[in-house]
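# Structural description and commentary
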Amino acid sequence: VKAEISNRNEELVLTGKVEYDPDKVINYVSLVNGVADRTYFSLGDKVQKGQVLLDLRSSDLSTLQAEAVSAESDVKIAQRELLTTQSMYEDNLLSEKDLLESQAKLNQAKAVYDKVQSDISVHGTNRGNGRFSIKSPMSGYIVNKNVSSGSTVSTDSEPLFTVADLNTVWVTANVYASNLLFVREGMDVSISSLSYPGEEFVGKVTTLSQVFDPEEKVLKARIVLSNKDLKLKPEMSVVIKLKNEVHNRFISIPTDALIFDDDRYFVVVENEDSQFKVKEVALVGHNKKVTYIASGLAEGENVVVKNQLLIFSGLKED
């Protein structure tokens, strides 16, 4: 293989894991104490926004429903009174003040009714008899479930369920202090997992934290990835490879051509007369496949990459 001039490419391997995009995940916590009357979903189910997931029964909701019935009745009464007042006003039997007061009474009744309906809508869809239907707040997948038919729920319990949109995920890489000079925002990365041998997911470093994690003693680098095939699962461990091109040109050779002996590096070169010669080289750096040479080798020299150890041993004995 001929030694050639090339830009120096470095590679850094980091560990990390897949996480939810926090902007696309919703934890549903009950706003009332009660009982889960029935559930309509299982862990891992795909759900659509507005789909009924859970029927909830609660005495708190029964009270709200009763208030709604009372408020609706008050509105109907106020409407009838206003019609009567308008008729009498037109016959000059009541004053304009009486008409305005009757209109104000209806407006007040409507305001109370609207407030009760607004309070009810916060909890879900009114099913009557203290029952409400809880609907999915977004489209996605059920990634956590802490409720089943007949179970008790309370306002201080864990989220009843979690819905996440997994079409986009975060990959969070652990960056140690010794790696800081290498990692920067915008760098290209390739991501692999034991779950998919031989497959790589390509992305860029989106953000790099400026504060060390107090427990892990690392900075967190975030890579936002499209996950249309849903292959990347939250909490999945991954390996992140970052490549950095340094715009300094050096002689480069395959790393396999290097021979390490007596704390020094050597290569075997073949001249035009098919004669072999050992040359000591100084290294600039290397990645797994390519080594960059600072001195000891010229561009265009033929470097031996097969049986070089045998040749080196033979020349050394001579």
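Above this text is the structure in question.
The paragraphs below set out a description of the structure included in this document. (Residues numbered from 1 in each chain as written. Predicted model: local features only at pLDDT ≥ 70, side-chain atom pairs only at ≥ 80, totals over all residues. Heavy atoms only, no water.)

### Some words on the pairing of strand E15 (residues 219–226)
Side chains Leu 219, Ala 221, Ile 223 and Leu 225 project from E15 onto a buried face, and the interleaved Lys 220, Arg 222, Val 224 and Ser 226 project onto a face without burial. For strand E14 (residues 207–208) and E15, the ladder comprises two bridges, and the chain directions are antiparallel. Bridge assignment links Thr 207 to a residue of E15, and that residue is Arg 222. (Buried < 20%, exposed > 50% of the residue type's maximum accessible area, 1.4 Å probe, protein only. Helix = DSSP H or I, 4+ residues; strand = E, 2+ residues; numbered from the N terminus. Pairing = 2+ DSSP bridges.)

### Focus: unusual backbone geometry
Backbone geometry places Glu 235, a non-glycine residue, at a positive phi of 80 degrees. Along the polypeptide, Glu 235 turns up in the loop between E15 and strand E16 (237–254). In this model, Ser 274 sits at a positive phi of 60 degrees, which is unusual for a non-glycine residue. Topologically, Ser 274 is positioned in the loop between strand E18 (264–270) and strand E19 (276–286).

### Here's the deal with the sheet that holds strand E6 (residues 125–128)
The strand order E6-E7-E5-E3-E9 describes an open sheet built from five strands, whose pairing is antiparallel. Only two strands of the sheet have a single neighbouring strand rather than two, namely E6 and strand E9 (152–153). In this structure, strand E5 (residues 52–57) lies alongside strand E7 (residues 131–135), joined through five bridges in antiparallel fashion. Residue pairing in the sheet places Asp 55 in a bridge with Ser 133 of E7.

### Thoughts on the sheet that holds strand E4 (residues 46–47)
Taken together, the four strands give an open sheet; going across it, the order is E2-E10-E8-E4, and neighbouring strands pair in antiparallel fashion. Of all strands in the sheet, those bounded by a partner on one side alone are strand E2 (25–28) and E4. Judged from the four bridges that link them, strand E8 (residues 140–145) and strand E10 (residues 161–164) form a sheet pairing that is antiparallel. Note on E10: the bridge partner recorded for Asn 144 is Thr 162.

### Considering the pattern of salt bridges
Under the counting rule described, the total for this entry stands at eleven salt bridges. One salt bridge in this structure joins Arg 57 and Asp 37, with 3.5 Å as the shortest N-O distance. Note that Arg 57 is positioned in strand E5 and Asp 37 in strand E3 (residues 34–39), a separation of 20 residues in sequence. With a closest N to O distance of 3.0 Å, Lys 105 and Glu 81 form a salt bridge. With a gap of 24 residues between them, Lys 105 in helix H2 (residues 96–123) and Glu 81 in helix H1 (residues 59–90) connect regions that are remote in the sequence. Since its relative accessible area comes to 45%, Lys 105 is described here as partly exposed. Taking the relative accessible area as the measure of exposure, Glu 81 reaches 31% and is therefore partly exposed. Residues joined by salt bridges that share partners form a network here, namely Asp 37, Asp 55, Arg 57 and Arg 131. (Salt bridge = Lys/Arg side-chain N within 4 Å of Asp/Glu carboxyl O.)

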